[in-house]
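Residue strings, one per chain:
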Amino acid sequence: MEKVNQLKAHLSDIIHLRYATSVLGWDQQTMMPPGGASARAEQLATLSKLAHQMFVADETGKLLQDAAAETADADYDSDAAAMVRVVQHDFDLATRVPTDLVEELARTTSHAHEIWAKAREAADFAAFAPTLEKIIDLKRQEAEALGYEDRIYDALLDQYEPNMKTADVERLFNELREELVPFVAQIFDNLDAVDTAPIKQNFDTEKQKAFGLKVIEQLGYDMKRGRQDPAVHPFTTSFSINDVRITTRYQEDWLPASLFGSIHEAGHAFYELGSDQSLEGTWLAGGTSLGVHESQSRMWENIVGRSRGFWKVFYPDLQAHYPQQLGSVSLEAFYKAINMVYRSLVRVEADEVTYNLHIMLRFELENDLLEGKVAVKDLRDAWNDKMQSYLGITPPDDGKNGVLQDVHWSSGLMGYFPTYSLGNFLSVQYWDKALQDVPSIPAEIEKGNFEPLMTWLVENIHVYGRKYWPAELTERVTGEAIQVRSFMRYLKDKYTDVYGL
Ligand code: ZN
């Protein structure tokens, strides 16, 4: 495999540049003093530009062509064949969009960020509307350049969830809407059944940090291959299969923020850390899509981290950290409080029941905007109408509680939102399959032993890195395609119990 090895060597320089860029980005968000900001922006721009130029170079195309010829008869499951497939996909995405358009998008979105931030602060949608109009126009051009067969959104979605089609996401959401909207309404009629006071007290952040670290280490986060630091916007980043770092944000009056945020990011890190060691430094290391990535973080955060069994293990210790706040709160009361549902206006603060309604709304609006069914000037009303019909509330403002709340559109990220919901659906499908294969997983979790679950995830999902497309992986793991049935059943079982419906 001489040609494959040449391609690998060429890509490894690009990978080194990318990882170095990530180290600088990690430092920027965790350690850097404010004075470093402008120099850092320049350094990041230079490294990103170099990596991009090397990747879209004719040399990559030539090496890729030769490697494709060499692997034409190779086993589909071989690393060589998989690498050629994945690199080809990324190369197409990176080279189909003309450089002028890439630059115009970068320029527009970098200005847009500030305009959006001010408009959001002032809750003034009209101040952002002209900029959004411009971004949507550019995204349409980008989608046309990338190419699609059916829906314009397909081209954008493919950047985050390779090979996923808009029509399939629509089918999933249609099914979800039908069952979830009435179920949510039923919970809303019974909100009094759960007292949320226990998690809204004052929780010293030093203790939050100590407890959170203890939890993620017991789940399997290896501090010799990772670390956790505070950051304004929590994220996970990798510089190698053996150096995957996470960040968290502490909120003194809201226990779940850091606790479940840490478990969530650890779930992302487990996926990255679990790539087979033979994939180190290759194009195949890491996760296959944002949706599959989110399935891992959500499984650990919600299915495991918000379960009774999990808290049977950790609650006495949490009570010992906060005897005043939780000493007299029963395990059952605490379990219900961390699973509270409410009429959420803000996506990032939404509970696991209403979360997907926020995503569905954004997915529908993105499609309508791109397809010209909703004009930007009418977006605010369209947003508020959907909030009313899905969640039964109308945002009190257009800023942080309304149409301007998310950073995504100002950054040109369209087609990204659905991956959050795809991850939620997949998390339950994978979990069900893990329990089918290893029925003792829940009992082991109740004993504080997370290894059987982790081993199953590593062996069935993590080791493959990016070798299989998300749909292939799901089919291989579960024997079926992505569906919402399992997720809805999980929600109904859990929340019928929590809310005593
Ligand atoms: Zn996530």
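What you see as residue numbers is a count from 1 along each chain, following the sequence as written. Where local features are concerned, this predicted model is filtered to residues with pLDDT of at least 70; where side-chain atom pairs are given and counted, the filter is 80 or more; whole-chain, interface and lining totals use all residues. Computation of side-chain values covers all heavy atoms of the structure but excludes hydrogens and water.

**Topic: the side chain of Asp406**
Under the convention used in this document: Secondary structure elements are taken from DSSP: a helix is a run of H or I of four residues or more, a strand is a run of E of two residues or more, and numbering for both begins at the N terminus. Only protein chains enter the accessibility calculation, which uses a 1.4 Å probe. A residue is then buried if its area is under 20% of the maximum for its type, exposed if over 50%, and partly exposed in between. Polar contacts here mean pairs of N or O atoms no more than 3.5 Å apart (in protein, one a potential hydrogen donor and the other a potential acceptor; neighbouring residues in sequence count only if both atoms are side-chain atoms). In what follows, a contact means two residues having at least one pair of non-hydrogen atoms within 4.5 Å.
With respect to the element layout, Asp406 can be found in the loop between helix H16 (379–391) and helix H17 (418–437). With relative accessibility at 13%, the residue Asp406 sits in the buried group. Reaching out from Asp406, the side chain makes a polar contact with the side chain of Arg362 at a distance of 2.5 Å. Excluding residues within four positions of it along the chain, Asp406 makes contact with Trp116, Arg347, Arg362, Trp383 and Phe417.

**Topic: the packing of helix H8 (residues 166–188) against H17**
Applicable threshold: Axes here refer to lines fitted to C-alpha atoms; in helices the fit is confined to the stretch in contact. Angles between the N-to-C directions go from 0 to 180 degrees. By definition, turning the near helix anticlockwise from the far helix through less than a right angle yields a left-handed crossing, and turning it clockwise yields a right-handed one. Under the scheme applied here, ten amino acids are nonpolar (Ala, Val, Leu, Ile, Met, Phe, Trp, Tyr, Cys and Pro), four are charged (Asp, Glu, Lys and Arg), and all others, including Gly, are polar.
Look at H8 against H17: their axes get within 12 Å of each other, and the N-to-C directions meet at 65°. Where H8 crosses over H17, the two elements pack in a sense that is left-handed. Here Val169, Leu172, Phe173 and Leu176 of H8 come into contact with H17, specifically with Pro418, Ser421, Leu422 and Phe425. The residue makeup of the contact of H8 with H17, split by class, is seven nonpolar, one polar and no charged.

**Notes on the domain arrangement of the protein chain**
Put simply, the rule reads: Domain start and stop points were drawn from an automatic or database domain assignment. Once two parts are put together, the accessible area they lose, assessed with a 1.4 Å probe and summed over both, is termed the buried area. A side-chain nitrogen of Lys or Arg and a carboxyl oxygen of Asp or Glu constitute a salt bridge if their distance falls within 4 Å.
When its domains are assigned, the protein chain resolves into domain 1 (2–147) and domain 2 (166–498). Contacts between the two partners involve 42 residues from domain 1, matched on the other side by 45 residues from domain 2. Between domain 1 and domain 2 lies a buried interface of about 3,800 Å² when both sides are counted; carbon and sulfur atoms form 67% of it. The three residues of domain 1 that bury the most area against domain 2 are Tyr19, Trp26 and Phe125, which together make up 19% of that side's buried surface. The interface formed by domain 1 and domain 2 holds three salt bridges in total. Here Arg466 makes a salt bridge to Asp90, at a shortest N to O gap of 3.0 Å. Remark: the boundary between domain 1 and domain 2 carries 13 residue pairs in polar contact (both at pLDDT 80 or more). Those elements that provide at least two residues to the side of domain 1 that touches domain 2 are helix H1 (2–30), helix H4 (79–96), helix H5 (99–122) and helix H6 (125–146). The element that contributes the greatest number of residues to the side of domain 1 that touches domain 2 is H1, accounting for 12 residues. For the side of domain 1 that touches domain 2, the class distribution of residues is 23 nonpolar, eight polar and 11 charged.

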